[in-house]
Amino acid sequence: MHYVSTRAATPAASQAPQQFSDILLGGLAPDGGLYLPSEYPQVSGAELDAWRSLPYADLAYEILKKFATDIPDADLRALTRKTYTAEVYRNAREGESAKDITPLRVLEKDGAKTLILQALSNGPTLAFKDMAMQLLGNLFEYTLAKHDAELNIFGATSGDTGSAAEYAMRGKKGIRVFMLSPHNKMSAFQTAQMFSLQDPNIFNIAVEGVFDDCQDLVKAVSNDLPFKVRQKIGTVNSINWARVVAQVVYYFRGYLAATTDNSQKVSFTVPSGNFGNICAGHIARMMGLPIDKLVAATNENDVLDEFFRTGVYRVRKSAETYHTSSPSMDISKASNFERFVYDLVGRDAERVRALFHKVETAGGFDLSGKPGSDGDEFKLVAQYGFRSGRSTHADRVATIRDVQDDYDITIDTHTADGVKVAREHMEAGVPMIVLETALAAKFNETILEALGTDAPRPAGFEDIEALPQKYLVMPADVAQMKAYIATNTGL
Ligand SMILES: *Cc1c(COP(=O)(O)O)cnc(C)c1O
């Protein structure tokens, strides 16, 4: 299995064929594109039948094997079995089995219409990012050990990504994590989750500034190429291909758990930000999984909803990005969207390059086919099953209340955006699965507003704010940041 860049002009002009392990530790392709497999592996009906009874870890192995052909089978199986255990994904609700890893809960059966929640947030940081990040931690450790190499992960977070990365990498040999977050800007729960880690390979840096200052620091340090190479700096952001593949697995799992034979279809609604999660759904569908609709749910930051309604992709300036009560979906552009556009324009890398050049120069592109637009591929979007919808703070609060009243379950703000939009797209005979992207305890402020009571906390998180915290406060200063990294890596 080889990988190509979404912007590589011709296969011959791209660099040597890249395998899974080659792109595992990197980010963007050298030409600025994103990696995708040269073709999507296909799944047969017989395979789907055989996979119905597999434990999650073994299903993950079967799917990953199709993409990571350069990792020996026995090693890959050991890695998935180490990752997807009931101990790691232990925060299942009462009545659910942690062994299922991503248990389904049927919320509603209204005649032939069925609304289902797929729990993806039972991992250590209570958000779906653990599903991929835990695997990434084990894959990184395995690959680095093979080459006797080390890696220093350097990133910025406003909450979910940073904590998922730290819990995945803590205690891992050959890996250090330097994670920047805006000082005093995260919720008390999120702060406690990250800063209470005492592992010597985890470095939490609270930057005096806002999230954009943190991101600017990461960019400034990473743009110093000699420093980056000497310090062996890497990232784990949402364009990482291995993260996307790990997410493909739970679409298969959700489908297989919601159906009894392969003639049935299901739809998924996905609370979306950077388009990483739903991109995995697109890939599952391209592999032959019988997915009917893929519904992108956005909050007030509706870049994606606008595209799927009109064919116009218009990125926002950071000043136009709203701070909402589903903050992990507050994005100005969707970093994985280019992967879908590549397929949409018939895998024409030159078109992709031109379109995303236009994003840089003109703030977006228009595929509506209207006079003066950049193309007419919007007419093909429906073929790929995509739909979308938008949700606001008022919708979120009302949906959290509804779901609590009707089904006695507390959902988080992002999942609420999903449920709100899913209800607008339900069809008879096709179960609608909403991906639960976080547990409510992480976003308690809005739960209090909606319900007047605190969100339930999983066991072990009761007094997390009272734990001793280890972190460093630092001004947004590039030189000081570099010095701190160099001192702690000893490189
Ligand atoms: C990251 C995140 C999202 C958005 O996922 P994308 O892959 O960026 O689309 C949604 N909800 C929660 C809780 C998240 O942490």
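Structural data are supplied above this passage.
Residues numbered from 1 in each chain as written. Predicted model: local features only at pLDDT ≥ 70, side-chain atom pairs only at ≥ 80, totals over all residues. Heavy atoms only, no water.

Please set out helix α18 (residues 478-489) residue by residue, giving values where relevant.
Helix length check: α18 (12 residues) gives 17 Å between terminal C-alpha atoms against 16 Å at 1.5 Å per residue, within 8%. Buried within α18 are the following residues: Met 481, Lys 482, Ile 485 and Thr 489. End-on view of α18: buried residues confined to an arc of 95°, all on one side of the axis. Exposed side chains of α18 directed beyond 90 degrees from the buried face belong to Ala 479 and Thr 487. Sitting at the head of α18, Asp 477 places a side-chain oxygen 3.2 Å from the backbone nitrogen of Ala 479. (Helix = DSSP H or I, 4+ residues; strand = E, 2+ residues; numbered from the N terminus. Expected span 1.5 Å × (residues − 1). Buried < 20%, exposed > 50% of the residue type's maximum accessible area, 1.4 Å probe, protein only. Arc of directions from axis to C-beta. Polar contact = N/O pair within 3.5 Å; in protein donor to acceptor, adjacent residues only side chain to side chain.)

I'd like to hear about the sheet that holds strand β4 (residues 113-119), residue by residue, with values.
Spatially, 6 strands are ordered β3-β4-β14-β9-β10-β13 in an open sheet, and the strand pairing comes out mixed. Each edge of the open sheet carries a strand with a single partner, namely β3 (104-110) and β13 (386-390). Here the average twist between neighbouring strands, direction ignored, is 20°. Pairing analysis gives 5 bridges linking strand β9 (residues 266-271) to strand β10 (residues 291-298), with the strands arranged parallel. Across the sheet, residue Pro 271 finds its bridge partner in β10, namely Ala 297. (Pairing = 2+ DSSP bridges. Axes fitted to C-alpha atoms, helices over the stretch in contact; angles between N-to-C directions.)

Please set out the layout of surface pockets residue by residue, giving values where relevant.
Here the second largest pocket is characterised by a volume of approximately 390 Å³. Considering the residues around the second largest pocket, the lining is formed by 18 residues, among which Val 88, Arg 90, Pro 124, Tyr 167 and Arg 170 are closest to the centre. Of all elements in the fold, only α4 (73-83), α5 (129-146) and α6 (160-169) reach the threshold of two or more residues within the lining of the second largest pocket. Residue classes in the lining of the second largest pocket are distributed as 8 nonpolar, 5 polar and 5 charged. (1 Å grid on protein atoms, 1.4 Å probe; cavity = no way out; pocket = protein on both sides within 12 Å on 5 of 7 lines; lining within 4 Å. Points joined across faces, edges and corners; volume = space filled by probe spheres on them. Nonpolar A, V, L, I, M, F, W, Y, C, P; charged D, E, K, R; others polar.)

Give me the nonpolar core: which residues, what numbers.
In globular proteins that are soluble, nonpolar side chains generally tend to be buried together. Within the largest apolar cluster, 109 residues are counted, with the highest numbers of intra-cluster contacts made by Tyr 251, Phe 252 and Phe 337. Here the element with the most residues in this core is helix α10 (residues 241-258); it accounts for 12 residues. Excluding anything up to four places from it in sequence, Phe 337 contacts Asn 274, Phe 275, Leu 304, Phe 307, Phe 308, Tyr 313 and Phe 365. By size, the runner-up hydrophobic cluster in this structure holds 22 residues, among which are Val 295, Val 397, Tyr 407 and Val 421. (Core = buried A, V, L, I, M, F, W, Y, C linked by side-chain atoms within 4.5 Å. Contact = heavy atoms within 4.5 Å.)

That's the geometry; what it means functionally is another story.
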